Amino acid sequence: MKILVIQQKMIGDVLISSIICNNLRVAYPNSQIDYLVYSSTTPVLEGNSSIDNIILFEEKHRKSKKELLNLGLQIRKEKYDLLIDAYSKLESWTLVLLSNAKRKISYKKSGRNFLYTDNVPFEPFPKTNLGLAIERRLSLLEPLDLKIKIDPIPKLFVSEKENLEAVALFEKHNVAKNRKTVMISLLGSEKLKTYPLEFMSKVVDYVADTADVNILFNYFPKQLEEAKTVFNACKPSTQSKIYFDLLGGDLRSFIGLMNQCNLIIGNDGGAINMAKGLKKPSFIIFSPWIEKKIWATFEDGIHHLSVHLKDYRPDLFEQKNEKMLKKEALSLYQEFKPEFFEKKIKLFLTQNLSFTVK
């Protein structure tokens, strides 16, 4: 059997949708499983033996109808038996229409159901602590009635070489070996998903005050000024624990570094999802306009915790839809004081680093 899974979008989406491929591999071990993703997201798929071929959706496919058509015709030539569209937007609808796959599964959306042989309800509320992002992906497997135990956990694979390179980088920067290491997801993918920098410095202070740990910042070189702003606003005692220049040069080296860390704290986004793929505990600070119920995956109050302004100031969310919240995100962020969840961060650290709170 030949199978194509489609998931355009960001790193977190692509990593989470890879659970579809992982479960299909167990159910149909001899199948060819291909995965169509944005080229920028492929690092999170390296080493995953559930995927035979990665098909790249590139910028040219987005900008040119002719290129999109060519990609659709390329997919058609493959004669897929099964196509699962986890993206279900205009770009993928075109590819599905052209694919001529025998069976096509996606979410139920009015006006688009004719494209698919199986239309699965797009659930509005999670049923478990897996979170909607995971549950919705797994729902796409339900029409297949797979006779396997479903594994809901996304996985990242780190080679021995990558682990050794990360260890060497720790040694180069003289990272204290007798202390646990905390990664800070310092910045979101955009300003509207980034906890205010002056508040983030307080969060880093809470970490340093609570535990004798090494602290790493996750940021890109182009975000150096924002990273410096957080560092400079931290207390001197906190700054002494931060290895500011210890950075991965690319996504794979970040994954290697994250694998050497004990947990991650900070903004929701790719870094958090990658840490979870490495089975690292996570503490997420959500943007006011993002729905926590979707991305608060594996929330158990111990290893995975998250906070949202709505938890503390529900009055600010009355009669407001996502569009309104996105417009007000920056002003709402200013209401999201770090003091609200100081105790929660300390609890998270004590539960996951095995020490007595100061």
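Residues numbered from 1 in each chain as written. Predicted model: local features only at pLDDT ≥ 70, side-chain atom pairs only at ≥ 80, totals over all residues. Heavy atoms only, no water.

### With respect to the overall build of the protein chain
Okay, step 1: Along its length, the protein chain carries 16 helices and 11 strands.
Okay, step 2: Taking 2.2 N^0.38 as the reference for a compact globule, 358 residues should give roughly 21 Å; the C-alpha atoms of the protein chain span a radius of gyration of 21 Å, in line with that estimate.
Okay, step 3: Burial statistics for the protein chain: of 358 residues in total, 52% are counted as buried.
Okay, step 4: With the model as given, the accessible surface of the protein chain reaches about 16800 Å², and the carbon-plus-sulfur share is 54%.
Okay, step 5: Of the charged side chains in the protein chain, 53 are positive and 42 negative; the average position of the first set lies 3 Å away from that of the second. (Helix = DSSP H or I, 4+ residues; strand = E, 2+ residues; numbered from the N terminus. Rg over C-alpha atoms; globule rule 2.2 N^0.38 Å. Buried < 20%, exposed > 50% of the residue type's maximum accessible area, 1.4 Å probe, protein only. Areas by Shrake-Rupley, 256 points an atom, 1.4 Å probe, with all protein chains shown as cover. Lys, Arg positive; Asp, Glu negative; His and termini not counted. Charge placed at Lys NZ, Arg CZ, Asp CG, Glu CD.)

### A few points about the sheet that holds strand β1 (residues 2-6)
Okay, step 1: Spatial strand order, β3-β2-β1-β4-β5-β6: 6 strands in an open sheet with parallel pairing. Both edges of this open sheet fall to β3 (53-57) and β6 (118-120), since each of them pairs with a single strand only. When strand polarity is set aside, the average angle formed by the axes of neighbouring strands in this sheet is 15 degrees.
Okay, step 2: Where strand β2 (residues 32-38) and β3 come together, 5 bridges link them in parallel fashion. When the bridges of β3 are listed, Tyr38 appears paired with Phe57.
Okay, step 3: Packed on one face of the sheet, helix α3 (residues 65-77) meets β1, β2 and β3 and runs near 160 degrees to β3.
Okay, step 4: Here helix α4 (residues 90-99) sits on the sheet and contacts β1, β2, β3, β4 (82-85) and β5 (103-107); the angle it forms with β4, its principal contact strand, is near 170 degrees. (Pairing = 2+ DSSP bridges. Axes fitted to C-alpha atoms, helices over the stretch in contact; angles between N-to-C directions. Contact = heavy atoms within 4.5 Å.)

### A short note on unusual backbone geometry
Okay, step 1: The phi torsion at Asp145 lies on the positive side, around 50 degrees, for a residue other than glycine.
Okay, step 2: Tracing the backbone shows Asp145 in the loop between α5 (132-139) and α6 (160-172).
Okay, step 3: Of the residues examined, Asp145 reaches a relative accessible area of 51% and is grouped as exposed.
Okay, step 4: Of note in this structure, Lys279 is not a glycine but carries a positive phi near 65 degrees.
Okay, step 5: Positionally, Lys279 belongs in the loop between α11 (270-277) and β10 (282-285).
Okay, step 6: A residue is classified by how much of its surface remains accessible, and Lys279, at 68% relative accessible area, is exposed.

### Brief notes about the environment of Pro121
Okay, step 1: Structurally, Pro121 can be placed in the loop between β6 and α5.
Okay, step 2: Take Pro121: its relative accessible area is 41%, and that puts it in the partly exposed class.
Okay, step 3: Sequence-wise, Pro121 and Asn352 are 231 residues apart; in three dimensions their C-alpha atoms are separated by 37 Å.
Okay, step 4: Excluding residues that lie within four positions of it along the chain, Pro121 makes contacts with Lys108 and Ser139.

### Details of the confidence of the model for the protein chain
Okay, step 1: Per-residue confidence for the protein chain averages 94 on the pLDDT scale, and 99% of its residues sit at or above 70.
Okay, step 2: Within the protein chain, no element has a lower average pLDDT than helix α12 (residues 292-295), which sits at 88, and none a higher one than β1, at 98. (pLDDT = per-residue confidence, 0-100.)

### Considering the packing of helix α1 (residues 11-27) against α5
Okay, step 1: Running from N to C, α1 and α5 cross one another at 35 degrees; their axes reach a closest spacing of 9 Å. Read as a crossing pair, α1 and α5 show a hand that is right-handed. Mapping the contact onto sequence places Asp13, Ile16, Ser17, Ile19, Ile20 and Asn23 in α1 and Ala133, Ile134, Arg137 and Leu138 in α5.
Okay, step 2: Along the lines of polarity and charge, the residues of the contact of α1 with α5 split into 6 nonpolar, 2 polar and 2 charged. (Left-handed = near helix turned anticlockwise from the far one by under 90°. Nonpolar A, V, L, I, M, F, W, Y, C, P; charged D, E, K, R; others polar.)

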